[in-house]
Amino acid sequence: MRVSKRVEGLPPYLFVEISQKIAEKKARGEKVISFAIGDPDIPTPDHIIQRLCQAARDPANHRYPETYGLAEFRQAIAEWYGQRFAVILDPDAEVLPLIGSKEGIGHAAFCFVDPGDIALVPDPAYPVYSVSTMLAGGEPYYMPLTEESDFLPDLEQIPPEVAHRAKLMWLNYPNNPTAAVAGIDFFQRVVEFANKYDLVVCHDAPYTEVAFDGYRPVSFLQVPGAKDVGMEFHSLSKSFNMTGWRVGMAVGNAQWRDALMRVKSNLDSGIPQAIQYAAIEALRGDQECIREHNAIYERRRNEMVKVLREMGLRVTPPKASLYIWAGVPEGYTSAEFATRLLEEVGVVVTPGTGYGRYGEGYIRLSLTTPDAEIAEGLARLSAWRPSR
Ligand SMILES: Cc1ncc(COP(=O)(O)O)c(C=O)c1O
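Residues numbered from 1 in each chain as written. Predicted model: local features only at pLDDT ≥ 70, side-chain atom pairs only at ≥ 80, totals over all residues. Heavy atoms only, no water.

Student: Would you mind showing me how to read the site of the ligand here?
Tutor: The environment of the ligand is made up of 15 residues, and the closest members are D204, Y207, S235, S237 and R246. Backbone polar atom of K102 to an oxygen atom of the ligand: 2.9 Å apart, as the coordinates give it. Residue D204 places a side-chain N or O atom 2.5 Å away from a nitrogen atom belonging to the ligand. If the ligand stood free it would expose 400 Å²; the protein chains cover 93% of that surface. (Near = heavy atom within 4 Å. Polar contact = N/O pair within 3.5 Å; in protein donor to acceptor, adjacent residues only side chain to side chain. Areas by Shrake-Rupley, 256 points an atom, 1.4 Å probe, with all protein chains shown as cover.)

Student: Explain the sheet that holds strand 12 (residues 350–351) here, please?
Tutor: Remark on secondary structure: sheet strands pair via backbone hydrogen bonds, oriented parallel or antiparallel. Taken together, 4 strands build an open sheet; the order of strands is 9-10-13-12 and the sheet is antiparallel. The sheet is open, and its two edges are formed by strand 9 (314–315) and strand 12, each paired on a single side. Where strand 10 (residues 323–327) and strand 13 (residues 362–366) come together, 5 bridges link them in antiparallel fashion. By the bridge assignment for strand 13, I324 is matched with L365. The strands that helix 12 (residues 288–310) touches are strand 9, strand 10 and strand 13; relative to strand 10, the one it contacts most, it runs at about 10°. The strands touched by helix 13 (residues 334–345) are strand 12 and strand 13; relative to strand 13, the strand with the most contacts, the crossing angle is about 45°. (Pairing = 2+ DSSP bridges. Helix = DSSP H or I, 4+ residues; strand = E, 2+ residues; numbered from the N terminus. Contact = heavy atoms within 4.5 Å. Axes fitted to C-alpha atoms, helices over the stretch in contact; angles between N-to-C directions.)

Student: Whenever I open this one, helix 5 (residues 101–112) confuses me. Can you help?
Tutor: Note: α-helices contain 3.6 residues per turn, so residues at a spacing of three or four share the same orientation. Here helix 5 is 12 residues long and its end C-alpha atoms lie 17 Å apart, about the 16 Å a rise of 1.5 Å per residue gives. Listed in full, the buried residues belonging to helix 5 are S101, E103, G104, I105, G106, H107, A108, A109 and F112. (Expected span 1.5 Å × (residues − 1). Buried < 20%, exposed > 50% of the residue type's maximum accessible area, 1.4 Å probe, protein only.)

Student: Would you mind showing me how to read the nonpolar core here?
Tutor: In globular proteins that are soluble, nonpolar side chains generally tend to be buried together. In terms of nonpolar packing, the biggest core is built from 66 residues, with Y81, L120 and M169 touching the most fellow members. The dominant element in this core, judged by the number of residues it contributes, is helix 11 (residues 273–284), at 8 residues. Look past the residues within four positions of M169 in its chain and what remains in contact with it is L120, M143, L155, I158, V190, F193, L199, V200, V201 and C202. In this structure, V328, A338, L341 and L365 belong to the second largest nonpolar core, which totals 33 residues. (Core = buried A, V, L, I, M, F, W, Y, C linked by side-chain atoms within 4.5 Å.)

Student: Looking at this structure, how should I read unusual backbone geometry?
Tutor: Most peptide bonds adopt trans geometry, and most residues besides glycine take a negative phi value. Residue D123 is joined to P124 through a cis peptide bond whose omega torsion reads 5°. Looking at the secondary structure, you find P124 in the loop between strand 3 (118–123) and helix 6 (128–135). Phi angles above zero are rare outside glycine, and F151 is one such case at about 60°. For F151, the location among the structural elements is in the loop between strand 4 (139–144) and helix 7 (160–165). Even without a glycine there, the phi angle at R246 is positive, about 60°. Along the chain, R246 falls in the loop between strand 7 (230–235) and strand 8 (248–252). On the basis of relative accessibility, which here comes to 30%, the residue R246 falls in the partly exposed class.

Student: Help me understand the sheet that holds strand 5 (residues 166–172), please; the structure alone is not making it clear to me.
Tutor: With mixed pairing, 7 strands are arranged side by side in an open sheet as 2-8-7-6-5-3-4. The open sheet is flanked by strand 2 (95–98) and strand 4, the only strands paired with a single partner. Across this sheet, the average inter-strand angle for adjacent strands is 20°, counted without regard to direction. With respect to the sheet, helix 4 (residues 71–85) is in contact with strand 2, strand 7 and strand 8, its orientation differing from that of strand 2 by roughly 110°. Across the sheet, helix 5 is in contact with strand 2, strand 5, strand 6 (200–204), strand 7 and strand 8; its angle to strand 7 comes to roughly 160°.

Student: Please explain the packing of helix 4 against helix 11 as it appears in this structure.
Tutor: The axes of two packed helices give the description: the angle between them and the distance between them. Contact geometry of helix 4 with helix 11 gives a least axis separation of 9 Å together with a crossing angle of 20°. The angle between helix 4 and helix 11 places the two elements in the roughly parallel class. Between helix 4 and helix 11 lies a crossing whose hand is left-handed. Counted together, E72, F73, Q75, A76, I77, E79 and W80 of helix 4 and Q276, Y277, A279, I280, L283 and R284 of helix 11 form the full contact between these two elements. (Parallel < 35°, antiparallel > 145°, perpendicular 65-115°, else oblique. Left-handed = near helix turned anticlockwise from the far one by under 90°.)

Student: Explain the packing of helix 3 (residues 46–56) against helix 11 here, please?
Tutor: Viewed as axis vectors pointing N to C, helix 3 and helix 11 meet at an angle of 150°, and their least axial separation amounts to 8 Å. By the criterion of interaxial angle, the relationship of helix 3 to helix 11 is roughly antiparallel. The two elements helix 3 and helix 11 cross, and the hand of that crossing is right-handed. Between helix 3, through H47, I48, R51, L52, A55 and A56, and helix 11, the contact on the second element is made entirely by A274, I275, Y277, A278, E281 and A282. Partitioned by chemical class, the residues of the contact of helix 3 with helix 11 number 9 nonpolar, 1 polar and 2 charged. (Nonpolar A, V, L, I, M, F, W, Y, C, P; charged D, E, K, R; others polar.)

Student: Is there a simple way to think about the pairing of strand 8 in this case?
Tutor: The two faces of the sheet receive side chains in turn, since in a regular strand these alternate between them. Counting buried residues in strand 8 gives 5 out of 5 residues, a clear majority hidden from the surface. In strand 8, alternate side chains face the same way, and those of G248, A250 and G252 on one face and M249 and V251 on the other are all buried. In terms of strand pairing, strand 2 meets strand 8 through 4 bridges, oriented antiparallel. Following the sheet pairing, P97 is matched in strand 8 by M249. Relative to strand 8, strand 7 is paired through 5 bridges, and the arrangement is antiparallel. Its bridge partner lying in strand 8, M231 is registered against G252.

Okay, structure coming up:
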């Protein structure tokens, strides 16, 4: 008996391989500094944890939750979108809590993609967009994100016959892995494109709250007409350092939200209610913690950019996201450069090709490593010079 062809065809999840390499080094007694994974090291703010503890003691929260989440949580999400982006959402029709945005992104393919359909997927990108498309029997069509076009897809370059066959377009700004940002004018062009070719836009936006130098990322739903063509996926993971708690949301088009709920309600039983109460506290509570975290990331960004540039890497300081996307020196591939850093100085970075073939020539470093480890990692990098 063999596993399904569907599973056989899946690539290994990028970070599983990286974790294995780190484990091997550690087993040999070597100290490894990892800049690989975008998982905030700063703890969840205390007022949120306190609310979780309180809610965990209430027996009403020990039972199955509803897939569509607590009405109060949907309301808190709608209020937060109103305050943060001036986007008006109907909490009952246009909001769906998720078990982390990854869950909703994975399931979204099953709402829109039939076998043989195309999904337009950025390259490089968070791998879940293409993998879920393939699991649904669809075919990803990759839209290159290049430095020349500020890591925005060139919509003009998508052949009309491909656009006509496409059911879905994935976008993600502030972007992982390139750290690029998109403005309202780009999103307006996306809405026009979606209307022209009758496709659904899924904008993945978990990094809108992680921004620097006073920059404020926008929501796709701020564009007039966006709700007619699309949905936005958001998350408390990066905004409030809650990656481990698994809570996010899909908001926007009521019809697509219903489709996602139909898929989800057949597969999962929603978010534990105590976590929903903690998430309400995060969204309605003091937002000062976001500014405090961003000040820490901004300082780390500045320190890391300085050292990377001294090493001869090509770096634009990111305005948002948890990542630095650095061009490797001439003569190296991403994988060679990342391997040399791991082997020679025990520093883990992610090779850009882990996110797609247009990631060649880059490495990604995350800003979520604790300060003391960053200092050690940067000292190791400063003492090392690429030879060749
Ligand atoms: C672009 C992007 N989307 C979605 C996610 C998943 O976030 P969550 O923790 O909400 O599942 C991540 C996590 O790294 C991400 O980088």
